[in-house]
Amino acid sequence: MSDTDFVWTEQANAPKSGSVVCAWTELPDRTLHEVHFGGSEEAFKLLLFRDRDALHGYVNKCPHHWLTMNRRSDGEFMMWAEDELMCVHHCAVFKLTDAGRCIDGPCLGTNLVNVPVVVLDGQVLIGE
Ligand code: FES
């Protein structure tokens with residue numbers, strides 16, 4: 001699958017625009033947070049990374065082989081730096097504060113798939 005073949009809105013259990021994700025207060029600054037939509041096997045896994053007042057949303061799929069980037073579904077991410085996520089499979093590193101850009105590893109030059117998120121009245125919602 002190439003980057004252009006992966007359309008997050010077409011994935012199983014992908015949340016619709018306007019869906020409530022969580023409360024803003026549930027997101028500690030500079031900490032990666034994962035939210036699942038749907039059943040465990042087919043869950044859509046959304047990554048959220050708050051950087052002070054900015055919020056970044058990504059699909060938990062590594063663009064190298066489109067695998068989830070944590071070893072288990074209950075969390076446990078490998079952080080290379082405070083805002084850099086390392087995929088557990090082949091060690092690609094993604095800059096969470098820079099559009100999920102891969103800065104090292106086998107898919108250098110690609111990006112994580114962005115999911116638009118907005119904050120409204122203290123709630124994090126899926127954007128358009
Ligand atoms: S699947 Fe992530 S680096 Fe290979």
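Procedures and definitions
Residues numbered from 1 in each chain as written. Predicted model: local features only at pLDDT ≥ 70, side-chain atom pairs only at ≥ 80, totals over all residues. Helix = DSSP H or I, 4+ residues; strand = E, 2+ residues; numbered from the N terminus. Rg over C-alpha atoms; globule rule 2.2 N^0.38 Å. Buried ≥ 20, exposed ≤ 12 C-beta atoms within 10 Å, placed from the backbone. Contact = placed C-beta atoms within 7 Å. Pairing = 2+ DSSP bridges.

Draft legend 1. A look at the overall build of the protein chain. Scanning the protein chain from terminus to terminus reveals zero helices and ten strands. For the protein chain, the N- to C-terminal ordering of α and β elements is β-β-β-β-β-β-β-β-β-β. Its C-alpha radius of gyration of 14 Å places the protein chain within 12% of the 14 Å reference for a compact globule of 128 residues. Dimensions of the protein chain along its principal axes, counting C-alpha atoms only, are 40 × 30 × 25 Å. Counting all 128 residues of the protein chain, 23% fall into the buried class. Taking contacts inside the protein chain between residues at least 6 apart in sequence as the whole, the part at least 24 apart equals 45%.

Draft legend 2. Up close: the pairing of strand β4 (residues 54-59). In this sheet, β4 lies alongside strand β3 (residues 44-51) in antiparallel orientation, the contact comprising six bridges. Bridge pairing links L46 to V59 in β4. Taking the residues between adjacent antiparallel strands as the criterion, β3 and β4 are bridged by two residues, where R52 takes a positive phi near 60°.

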